[in-house]
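The chain contents come next:
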Amino acid sequence: MMKKISFNESITILVIMLVILGGGVIGFGLSPQVPVLTVIGLLMAWLAFRKVSWKDITDGITEGISTAIVPIFIFLLIGSLIAVWIKAGIIPSLMVLGFHLISAKFFVPSVFIVCSLVGLAIGSGFTTVSTVGLALFGMGATLGVNPALTAGAIISGAVFGDKMSPLSDSTNLASAVAGSDLFAHIKNMMWTTIPAFIVSLIVFAILGFTNQGTSMASIAKTSAVLTSHFNVSWWAALPIILMFVCAWRKVPAIPTLFLNIFVSIVMIFVETPRFAVSKLATLIESGFVAHTGNKAVDALLSRGGISSMMGTVSLIVMTLALGGILMHQGIIESAMKPLIDRLQKPGRLVTATILAGIGVNLFVGEQYLSVILPGNAFRPAFKRIGLSPLALSRVLEDGGSVINYLIPWGVAGSFVASTLGVPVLHFLPFTLFSLLSPIFSILSGFTGVGLKWADGRQHGRTVKDSTEKAVLD
């Protein structure tokens, strides 16, 4: 049996991993797959040197990948959905409608608000980005807005909506891991989400207002191209309405996507009765390819399909395999335990939990695990100093699921980069809501504002205070 991994050894492994991943992606501009694969190879070599059996290593890989089977299938369906939505004229219709409704001067804050409302209604950041977000991204390109800024506003809104929706998987997960009531958890998150939302909206308004690249002529030209080459009509609202109805009826993501794809396919055959089945199969597999004669529109609307998601899927498989090995061998647990045992004050505990969530995102790249691992590890510490489970569930979201969108090799980050065609490191500085959420959470921990205690109080206390209270009682 392998000797238990020490704290120093775990930290060394994680630091080396981070250097390789960060150096490869940021320093050399490589795609994340190669650095991740390099780290997996080196980690396996180290485990073999420590006499770990191959079966033990593969067990970790299997455990890690097994958590992603459903998300992978969802991503493949989203790729198919994007392709049929473009062919059916749904995304072009959204773009044309948006040109008439959204002011060019306030485009960026409008994008943030719209994606926030859609995310809140359907409870899925991924679906928000890949549907309404994709249409808004096309509008931004036509208006001459920095693509990274538009992407940042889309993601910020989608993350806010996802985080505050009772239909969201990640919100339900954080509540369950911490042992808090779902709606009380959502209400308590407002202490950090509302300030982050307001500051983000103000900054987006400033950044969007300073943009001088808007052109009404380009808007009119793009609208004309879309209208002449796609079926732009009210009929396109049907799949969108269906998506909201499914969310309201709490239909799971997979049947919702299948139903939406089916309805969109029916629309395609109604609009184009002679559309060949073989072309439909190619559309779903390889994505939509626009031939409008306008290079900008063709670049925007040539996307989607199962094949477009395979890069993301490969990265998910590799990062979760890496995460599975790290967890199965106890490396992450060994790195966190000594720190947890020394945390006595709420500000430090909140900060450590936030950093742990960010760390799991960096090392594992999976948003659910960035909630589960710190949640299970820090729950005893929150209970020990008298903090409510609501305090823990809020911190898990502030430092966990929202950060995954900012990691180039993360599941959410790679998905958005693939869907919108903007590298993570480009939109990262503009994804304001994800950047601000952990900051406001840490401020809450040190100031005590909005920090929930198990006994209902909101005053800073230490373990010593709690012990003295228990003795007096």
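For the structure, see preceding data.
Now for a quick tour of the structure. (Residues numbered from 1 in each chain as written. Predicted model: local features only at pLDDT ≥ 70, side-chain atom pairs only at ≥ 80, totals over all residues. Heavy atoms only, no water.)

1. What about the packing of helix α2 (residues 33-49) against helix α16 (residues 310-328)?
Turning to step 1, where the next piece is worked out: Where α2 contacts α16, the axes come no closer than 10 Å and their chain directions differ by 25°. As far as their axial angle goes, α16 and α2 are roughly parallel. Crossing geometry of α2 relative to α16 is assigned as left-handed. Contacts between α2 and α16 involve Q33, V36, L37, V39, I40, L43, M44 and L47 from the first element and G311, S314, L315, M318, T319, A321, L322, I325 and L326 from the second.
Turning to step 2, where the next piece is worked out: Residues that form the contact of α2 with α16 fall into these classes: 13 nonpolar, four polar and no charged. (Axes fitted to C-alpha atoms, helices over the stretch in contact; angles between N-to-C directions. Helix = DSSP H or I, 4+ residues; strand = E, 2+ residues; numbered from the N terminus. Parallel < 35°, antiparallel > 145°, perpendicular 65-115°, else oblique. Left-handed = near helix turned anticlockwise from the far one by under 90°. Contact = heavy atoms within 4.5 Å. Nonpolar A, V, L, I, M, F, W, Y, C, P; charged D, E, K, R; others polar.)

2. Notes on helix α8 (residues 147-164)
Turning to step 1, where the next piece is worked out: Here α8 contains 18 residues, and its C-alpha end-to-end distance of 26 Å stays within 8% of the 26 Å for a straight helix at 1.5 Å per residue.
Turning to step 2, where the next piece is worked out: Sitting at the amino-terminal end of α8 is N146, which places a side-chain oxygen 3.0 Å from the backbone nitrogen of A148. (Expected span 1.5 Å × (residues − 1). Polar contact = N/O pair within 3.5 Å; in protein donor to acceptor, adjacent residues only side chain to side chain.)

3. Structural notes on the packing of aromatic side chains
Turning to step 1, where the next piece is worked out: Going through the model one piece at a time under the given rule, you end up with twelve aromatic pairs.
Turning to step 2, where the next piece is worked out: Between F126 and Y405, the aromatic rings sit 6.0 Å apart at their centres with planes inclined by 55°, giving tilted as the arrangement. Here F126, found in helix α7 (residues 125-143), pairs with Y405, found in the loop between α20 (389-401) and α21 (411-420); they are 279 residues apart in sequence, far enough to count as distant. Grouping residues by exposure puts F126 and Y405 together as buried.
Turning to step 3, where the next piece is worked out: Members of the aromatic cluster, joined through ring pairs, are F112, F160, F197, F204 and F433.
Turning to step 4, where the next piece is worked out: Taking the ring centre of W248 as reference, the NZ or CZ of R249 above it sits at 5.7 Å. (Phe/Tyr/Trp six-rings, centres within 6.5 Å; stacked < 30°, edge-to-face > 60°. Buried < 20%, exposed > 50% of the residue type's maximum accessible area, 1.4 Å probe, protein only. Lys NZ or Arg CZ within 6 Å of the ring centre and 35° of its normal.)

4. Section: the packing of helix α4 (residues 69-87) against helix α13 (residues 253-271)
Turning to step 1, where the next piece is worked out: Contact geometry of α4 with α13 gives a least axis separation of 9 Å together with a crossing angle of 20°. By the criterion of interaxial angle, the relationship of α4 to α13 is roughly parallel. Of the two elements, α4 crosses α13, and the hand of that crossing is left-handed. Facing V70, F73, I74, L77, I78, S80, L81, V84, W85 and K87 of α4, the residues of α13 in contact are A253, I254, L257, F258, N260, I261, S264, I265, I268 and E271.
Turning to step 2, where the next piece is worked out: Along the lines of polarity and charge, the residues of the contact of α4 with α13 split into 15 nonpolar, three polar and two charged.

5. A short note on the pattern of salt bridges
Once the charged atoms of two side chains with opposite charge are near each other, the side chains can pair.
Turning to step 1, where the next piece is worked out: Here the structure, examined in full by the defined rule, presents three salt bridges.
Turning to step 2, where the next piece is worked out: The salt bridge partner of E9 is R50, with a shortest N-O separation of 3.4 Å. Here the residue E9 occupies a position in helix α1 (residues 7-27), and R50 occupies one in the loop between α2 and α3 (54-66), the gap between them amounting to 41 residues.
Turning to step 3, where the next piece is worked out: Look at R50 and you get buried, because its relative accessible area is 16%.
Turning to step 4, where the next piece is worked out: Of the charged contacts in the structure, one is a salt bridge between D59 and K55, with a shortest N-O distance of 3.0 Å. With a gap of four residues between them, D59 and K55 both fall in helix α3, about one helical turn apart.
Turning to step 5, where the next piece is worked out: On the basis of relative accessible area, D59 is assigned to the partly exposed category, the value being 26%. (Salt bridge = Lys/Arg side-chain N within 4 Å of Asp/Glu carboxyl O.)

6. A look at unusual backbone geometry
Turning to step 1, where the next piece is worked out: Even without being a glycine, K51 presents a positive backbone phi close to 70°.
Turning to step 2, where the next piece is worked out: In this structure, K51 sits in the loop between α2 and α3.
Turning to step 3, where the next piece is worked out: Positive phi, normally seen in glycine, also occurs at K250, with a value near 60°.
Turning to step 4, where the next piece is worked out: As for its placement among the helices and strands, K250 is situated in the loop between α12 (237-248) and α13.

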